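# Inside the fold
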Amino acid sequence: MDIILGLLIGLALGIGGVLAALKLIGGSALSQARREAQSIRDQAKGEADTVAKQIELDARNEQAKRREALESELDGLRDELNDKDRRLTKREDTLDKKLEMLTLKEKNAADAVAEAKRRQEDIEGKQEQLQALITQRQDALAAFEQQKKEELQRIAHISEDEAKTQMLEVLERQCQHEAGQLIAQVRSKTEEEAEDTAKNIILQAIQRYASEHTATSVTNAVELPSDELKGRIIGREGRNIRSFEQATGVDLVVDDTPGVVIVSCFDPVRRAMATQTLRELLKDGRIHPGRIEELAQQMTEEFDKRVAKFGKDAALEVNIPGLHPRVSEMMGRMQYRTSYGQNILRHSVEVAFLCQTIADELGLDGELARRCGYLHDIGKAMDHEVEGGHPKIGADFLRKHGEKSEAVLNAVEGHHNDIPSTTPYTPIVMAADAISGARPGARRETLEKYIKRLNQLEDIASHQKGVRSAFAIQAGREVRVVVDPDKIDDAQCEYIARDIAKQVSEEMTFPGEIKVTVLREMRTIEYAR
């Protein structure tokens, strides 16, 4: 029993030791675990702080980038506004300067008007003084003449009638002597200049017969077999008509007119080429951009050959060799140019032969006259491309391409009185040009339209302030205006000429150019008694 109790007590003590050892081991492990947990918490907290700081740094960088982009955009807008402000300021300065200039011009004009008015008043006052002086002088001269007459009668002891008779006899003998000398001088001069005078008289008489006036048509009408073809000519969304106009250089008008489309162009050769191209397209039936460009190219080459052939054939017909190829080409282009229905190339050939006939009759060089007549209208082949009248254009073109004859150049540039005639061939060309254009059937313009245009031209000029009379000359190519010299001075003549030219351009339809000449003439008449 005691042994058992001892065993039990020893067993209990062993178990307690074991438990105490186990408790001691568990407390150490718990402390270790707690330390590890604390370390893990500290490490996690540090990583979290690091991530938070990185996120905050990234956010700040993004904010900085956005701020820089916004500031850059604002700077651009600010620069653009500043640039616009500078431009507006510059425009305001320009407008201010123009306003100052206009104000200054108005002031100068007002001062000029006031000065002119003052001068006019001074002139009127001086005229009154001058008239009074003239009256006093006339009275004094009359009294002096009466006194001298009485003194002569007293000295000569003859009457007034006897003195008159003697003086008339002396004057008659002197006049007879001077008249004889004058007759001899006139006869001698007339014999020397008889031939030139006769030629000039003939030329002037022919020249006054008429003057040329021209007009051109700028459209051709192409008939269609049916109106359904208009849609094919236009094409889907207008591609065919755009391609045609680009390839040919003309305007194609497709409107409601039944069975017709209109080809419009100022260049007669290009208009004729486009018309023929359109007709070939209608015959072929294949109307699309590719075919249009192909046919336009073919027609261009063909018409170049036609123009060259027309020019060569015409030069051969009038027997004018040695023309520059460009001159011959320009003459050929006039085959497609008309004036009131008259073909310009045939007109040039006709004028060439008329010039030769007139020159031969006057004993001049018929071959040179024929050359002048043939080339006189060459400027019409290019007056739709070059600014100015066709005489000046033609003369410049001939000088550029080797024409050396002064007679030809003067005839071309002066056949509408644009410059003075320096040779007799220029009025010959004027006469032949007028005869060719005025012969029956040459042109279609009626006399009524022609007279109406001249009357309108004279009415416009006559209604200007200060104009005394106005005359349309050179078949309407020039209007001469005579102003009142008492109301209009030399400076105002320029304004009147400019105003008339501007009004004529705005209100009238006319070919070529109209020259406005303003004349101011002061005449002073006095009688000696």
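The text that follows walks through the structure, step by step, so that each part is easy to find. (Residues numbered from 1 in each chain as written. Predicted model: local features only at pLDDT ≥ 70, side-chain atom pairs only at ≥ 80, totals over all residues. Heavy atoms only, no water.)

Let us look at the environment of valine 222. One can find valine 222 in strand S1 (residues 219-223). Take valine 222: its relative accessible area is 1%, and that puts it in the buried class. It is 7.5 Å that separates the C-alpha atoms of valine 222 and valine 263, two residues lying 41 residues apart in sequence. Setting aside chain neighbours within four positions, we find valine 222 in contact with Gly259, Val260, Val261, Val263, Thr275, Leu278, Arg279 and Leu282. (Helix = DSSP H or I, 4+ residues; strand = E, 2+ residues; numbered from the N terminus. Buried < 20%, exposed > 50% of the residue type's maximum accessible area, 1.4 Å probe, protein only. Contact = heavy atoms within 4.5 Å.)

Next up on the list: helix H7 (residues 325-333). For the α-helix, the turn length of 3.6 residues means that residues three or four positions removed from each other point alike. Among the residues of H7, those classed as buried are Val327, Ser328, Met330, Met331, Gly332 and Arg333. In the core, the buried residues of H7 are packed alongside helix H5 (268-284), helix H6 (289-318), helix H8 (344-362), helix H9 (366-375) and helix H10 (390-400).

Right, let's get into the sheet that holds S1. Ordered in space as S1-S3-S2, the three strands form an open sheet in which the pairing is antiparallel. Each end of this open sheet is capped by a strand with a single partner; those strands are S1 and strand S2 (251-253). Taken over all neighbouring pairs, the strand axes of this sheet differ in orientation by 25° on average, direction set aside. Two elements, S2 and strand S3 (residues 260-264), share three bridges in a ladder whose sense is antiparallel. (Pairing = 2+ DSSP bridges. Axes fitted to C-alpha atoms, helices over the stretch in contact; angles between N-to-C directions.)

This paragraph deals with the sheet that holds strand S6 (residues 467-473). Strand order in the open sheet formed by three strands is S6-S7-S8, and the pairing between neighbours is mixed. Two strands close off the open sheet at either side, each with one partner strand: S6 and strand S8 (515-519). Averaged over all pairs of adjacent strands, the angle between their axes in this sheet comes to 20°, without regard to strand direction. As paired elements, S6 and strand S7 (residues 478-483) share six bridges and run antiparallel to each other. Each residue of the ladder has a partner; that of isoleucine 473, found in S7, is glutamate 478. Sheet strands in contact with helix H14 (residues 490-507) are S6, S7 and S8, and its direction is about 150° off that of S8.

Bringing the side chain of arginine 371 into the picture now. Looking at the secondary structure, you find arginine 371 in helix H9. For arginine 371, a relative accessible area of 19% translates into the label buried. Beyond its immediate sequence surroundings of up to four residues, arginine 371 is in contact with Ile320, Pro321, Leu323, Glu403 and Val408.

So, about the pattern of salt bridges. Applying the stated rule across the entire model yields 23 salt bridges. Across the pair arginine 87 and aspartate 83 runs a salt bridge, and its minimum N-O distance is 2.3 Å. One end of the pair, arginine 87, and the other, aspartate 83, are both in helix H1 (residues 2-156), four residues apart, so they sit about a helical turn from each other. A relative accessible area of 42% means that arginine 87 is categorised as partly exposed. Judged by relative accessible area, which is 29%, aspartate 83 ranks as partly exposed. Across the pair glutamate 329 and arginine 326 runs a salt bridge, and its minimum N-O distance is 3.2 Å. Taken together, the residues glutamate 329 and arginine 326, both in helix H7 and three residues apart, mark about one turn of the helix. The partly exposed category is assigned to glutamate 329, whose relative accessible area is 30%. (Salt bridge = Lys/Arg side-chain N within 4 Å of Asp/Glu carboxyl O.)

Bear in mind that shape data such as this cannot, by itself, settle questions of function.
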